[in-house]
Amino acid sequence: MPPIISAIDLTKIYDGVLVVDGVNFEINEGECFGFLGPNGAGKTTTMKMIQCVIPKTSGRLLVKGMEVGERPREIKRILGVVPQDNNLDPDFTVLENLTTYARYYDIPKAEAERRALELLRFVQLYEKRNSAVNKLSGGMRRRLILARALINDPEILILDEPTAGLDPQARHTIWEKIRALKREGVTVVLTTHYMEEASQLCDRLVIMDLGRIIAEGNPRELIERHVGPEVVEVDSRPEVLDCVLREGELYEEFGGRIHIFARNPKGLASELMGVCDFENITIRRATLEDVFLKLTGKALRD
Amino acid sequence: MDLLRPPDVSYRVWKVWMRNRDVFLKTVKVNFVLPFLEPILYLLAMGFGLGIYVGEVDGMPYAAFIAPALVGISMMNASFFECTYASFVRMYYQKTFDAIISTPLSLDEVILGEIVWGSTKSLINTSIMLPILLALQLIKLPDSLLLIPFSLLAGLVFSSMAMCFTAIAPTIDSFNYPIFLFITPMFLFSGTFFPLSALPDPMQLASQIFFPLTHVVLISRGLAAGGLGAQSLISLAWLISVGAVLTILSINLMRRRLLA
Ligand SMILES: Nc1ncnc2c1ncn2[C@@H]1O[C@H](COP(=O)(O)OP(=O)(O)O)[C@@H](O)[C@H]1O
Ligand SMILES: [Mg+2]
């Protein structure tokens with residue numbers, strides 16, 4: 001089966017600044033595909049080009065075989081979008097937000113109402129259907145936007161930082177909805193700067209930094225390939241650094257700690273115990289955060 | 001220049017119009033009282049107050065002279081404020097345009113929908129004022145009923161002009177400039193409260209070249225008095241062509257702003 005979305009040398013220049021720098025990716029039907037990267041990496045810009053709301057500068061970008069610049073209406077008809085910034089309509093109630101949106105897709109009134117109520121049940125906002133949007137909590141607003149993104153029964157769902165700024169519980173509620181949608185066969189494209197979100201939800205992902213894709217694969221495989229199963233973490237001190245250097249291990253210094261991507265974590269740990277406090281050494285499972293740290297030398301979160 | 005590129009629009013323009021209509025109907029009480037009140041105040045103060053001292057202008061009582069001008073001013077204010085402040089809030093603060101262009105609608109349709117809605121505000125205000133002016137016998141039937149369809153054309157000119165400013169306004173405070181430099185002079189020097197002929201020749205000419213309100217007032221006055229002169233045709237042509245050009249221009253300016 002051909003990929004449902006494919007980008008070839010996709011580039012975006014804003015006022016002379018290269019924001020998306022010749023990226024290539026292929027997203028398969030039915031998978032959850034992630035763009036993981038820090039703020040400013042170019043994730044939102046990439047999403048907006050897929051959504052046909054900003055023009056690309058060069059390269060090719062196909063959605064279901066259609067070029068974004070040529071057939072935006074047809075593409076937008078099969079997409080559902082949760083934008084990074086909430087843009088619910090404050091002039092309408094929760095329910096009206098959905099029915100007004102349905103009208104843009106030519107969904108008849110009665111059908112729109114039926115779907116809207118069903119979706120409000122799905123995102124657990126049925127009781128709030130007549131509330132003003134301003135009265136909703138952050139998590140509720142995100143869920144309402146998710147419901148709005150589903151009003152046209154999309155084949156592809158684009159989620160730009162769906163849980164940014166939410167508390168853990170609200171985040172888990174949204175993750176659960178995303179998993180349910182994936183089970184129904186919806187292709188999910190997701191951006192995030194939370195490595196946990198990416199590893200929890202994504203079948204495959206790319207790591208982006210400064211407009212470039214710097215790694216690609218499924219989360220476990222990426223960690224295996226770039227870091228290995230475990231990471232040794234220890235307080236940054238000159239004698240520790242000496243030891244790490246002597247062993248020829250790869251490491252990154254960050255937040256007053258040295259993160260060592262050791263070939264033999266347990267051996268290294270016992271070696272280091274000779275030179276520093278026992279309590280300050282940890283061996284922990286490697287994460288996507290480590291992949292990013294190792295590839296870029298900086299942390300994923302600002 | 002791509003500023004005059006023909007817009008990509010379809011029936012979907014009405015969906016934007018309907019969105020604004022729905023919001024309007026939710027707050028209809030406030031929306032009705034205000035446009036209703038202001039021209040009445042002007043009419044009382046100037047028409048009946050000042051009018052005692054002025055007597056007749058161009059062979060009609062002063063109140064009857066300014067009544068159609070007040071209708072024209074109301075068309076201008078309704079459309080201009082809708083497509084500056086209100087559209088700017090929807091575009092910039094509420095991100096309503098961003099939300100709509102994620103659906104099959106194009107930005108061109110959103111902007112044209114806003115302009116058509118701005119024109120509709122002109123029609124609504126005109127329709128509220130007409131019965132009052134008729135009751136006061138300041139305008140004549142049946143010709144003055146044509147003010148209602150005419151208010152759509154006048155509204156289109158002011159809405160599209162407003163939308164051009166909205167497309168280039170860095171902040172919402174920027175609208176002070178077109179209001180002080182353009183709307184206020186137009187309000188005073190478009191043959192509104194005294195005949196255009198009272199102005200020095202160069203100013204008369206400038207008013208006819210640059211001020212849509214001059215043409216709107218001229219036609220409104222003709223319709224209110226029950227007879228359009230030949231000059232109305234020139235004014236009509238001016239309004240139609242300027243309205244068409246500004247509409248296309250504003251859509252392309254908006255594309256430049258929002259679809260970089
Ligand atoms: N409209 C714009 N005009 C100019 N620069 C922009 C615009 N939008 C985004 N950028 C710049 O592009 C870069 C990538 O932004 P974005 O795609 O939002 O990144 P991300 O979503 O990964 O945080 C940033 O440096 C940002 O400042
Ligand atoms: Mg972003």
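If you're wondering where the values come from, they're calculated on a predicted model, not measured in any experiment.

Enquirer: Tell me what's going on with the packing of helix 3 (residues 62-93) of chain B against helix 7 (residues 176-188) of chain B, and back it up with residues and numbers.
Expert: Residues and elements named next belong to chain B. Helix 7 packs onto helix 3 with a crossing angle of 170° between their chain directions and a minimal axis gap of 12 Å. Overall, the two elements helix 3 and helix 7 adopt an arrangement that is roughly antiparallel. Contact residues: helix 3 offers Ile-73, Met-76, Asn-77, Phe-80, Phe-81 and Tyr-85, while helix 7 offers Asn-176, Pro-178, Ile-179, Ile-183, Met-186 and Phe-187. Here the contact of helix 3 with helix 7 is composed, by residue class, of 10 nonpolar, two polar and no charged.

Enquirer: Break down helix 1 (residues 43-50) of chain A for me, with residues and values.
Expert: Residues and elements named next belong to chain A. Of all eight residues in helix 1, six are buried; the element is thus mostly enclosed. When we look at burial in helix 1, the residues that qualify are Lys-43, Thr-45, Thr-46, Met-47, Met-49 and Ile-50. At the exit of helix 1 stands Cys-52, carrying a positive phi of roughly 65°.

Enquirer: Talk me through the coordination of the magnesium ion (ligand 2); I want residue IDs and the actual numbers.
Expert: Residue and element names in this part refer to chain A. Around the magnesium ion (ligand 2), the protein contributes the donor atoms Thr-44 (OG1) and Gln-84 (OE1), at 2.0 to 2.1 Å from the metal centre. Placement of Thr-44 in helix 1 and of Gln-84 in the loop between strand 6 (79-82) and helix 3 (94-104) is noted, with a sequence separation of 40 residues between them. Overall, Thr-44 belongs to the partly exposed group, its relative accessible area being 23%. By relative accessible area, which is 35% here, Gln-84 ends up partly exposed.

Enquirer: Give a description of the pattern of salt bridges that names residues and reports values.
Expert: In this structure the tally under the stated criterion is 33 salt bridges over all chains. Here Arg-73 of chain A and Glu-109 of chain B are joined by a salt bridge, their closest N and O atoms 2.7 Å apart. Of this pair, Arg-73 of chain A sits in helix 2 (residues 72-77) while Glu-109 of chain B is found in helix 5 (residues 107-135), placing the two residues in two different chains. This pair shows no difference in class: Arg-73 of chain A is buried, exactly as Glu-109 of chain B is. Between Glu-233 of chain A and Arg-284 of chain A there is a salt bridge, with its nearest N and O atoms 2.4 Å apart. Pair noted here: Glu-233 of chain A is in strand 11 (residues 230-235) and Arg-284 of chain A is in strand 14 (residues 282-285), with a separation of 51 residues, a long-range link. In this structure, a network of salt bridges that share partners links the residues Glu-233, Asp-235, Arg-257, Arg-284 and Asp-290 of chain A.

Enquirer: Can you break down the domain arrangement of chain A residue by residue, with the values?
Expert: Here chain A is described as being made up of domain 1 (5-223) and domain 2 (230-285). Distance from the C-alpha centre of domain 1 of chain A to the C-alpha centre of domain 2 of chain A: 39 Å.

Enquirer: Which residues make up the sheet that holds strand 6 of chain A, and what are the values?
Expert: Residues and elements named next belong to chain A. Read across the open sheet, the six strands follow the order 6-7-8-3-9-10; overall the sheet is mixed. Two strands lie at the open edges of the sheet, namely strand 6 and strand 10 (212-217), each paired on one side alone. Strand-to-strand twist of the sheet, defined as the mean angle between neighbouring strand axes without regard to direction, takes the value 15°. Running at roughly 105° to strand 10, helix 8 (residues 219-226) makes contact with strand 9 (204-209) and strand 10 of the sheet.

Conventions used here
- Residues numbered from 1 in each chain as written.
- Chains lettered and ligands numbered in written order.
- Predicted model: local features only at pLDDT ≥ 70, side-chain atom pairs only at ≥ 80, totals over all residues.
- Heavy atoms only, no water.
- Axes fitted to C-alpha atoms, helices over the stretch in contact; angles between N-to-C directions.
- Helix = DSSP H or I, 4+ residues; strand = E, 2+ residues; numbered from the N terminus.
- Parallel < 35°, antiparallel > 145°, perpendicular 65-115°, else oblique.
- Contact = heavy atoms within 4.5 Å.
- Nonpolar A, V, L, I, M, F, W, Y, C, P; charged D, E, K, R; others polar.
- Buried < 20%, exposed > 50% of the residue type's maximum accessible area, 1.4 Å probe, protein only.
- Donors = N, O, S within 2.8 Å, 3.2 Å for Na, K, Ca; no water.
- Salt bridge = Lys/Arg side-chain N within 4 Å of Asp/Glu carboxyl O.
- Domains from an automatic or database assignment.
- Pairing = 2+ DSSP bridges.

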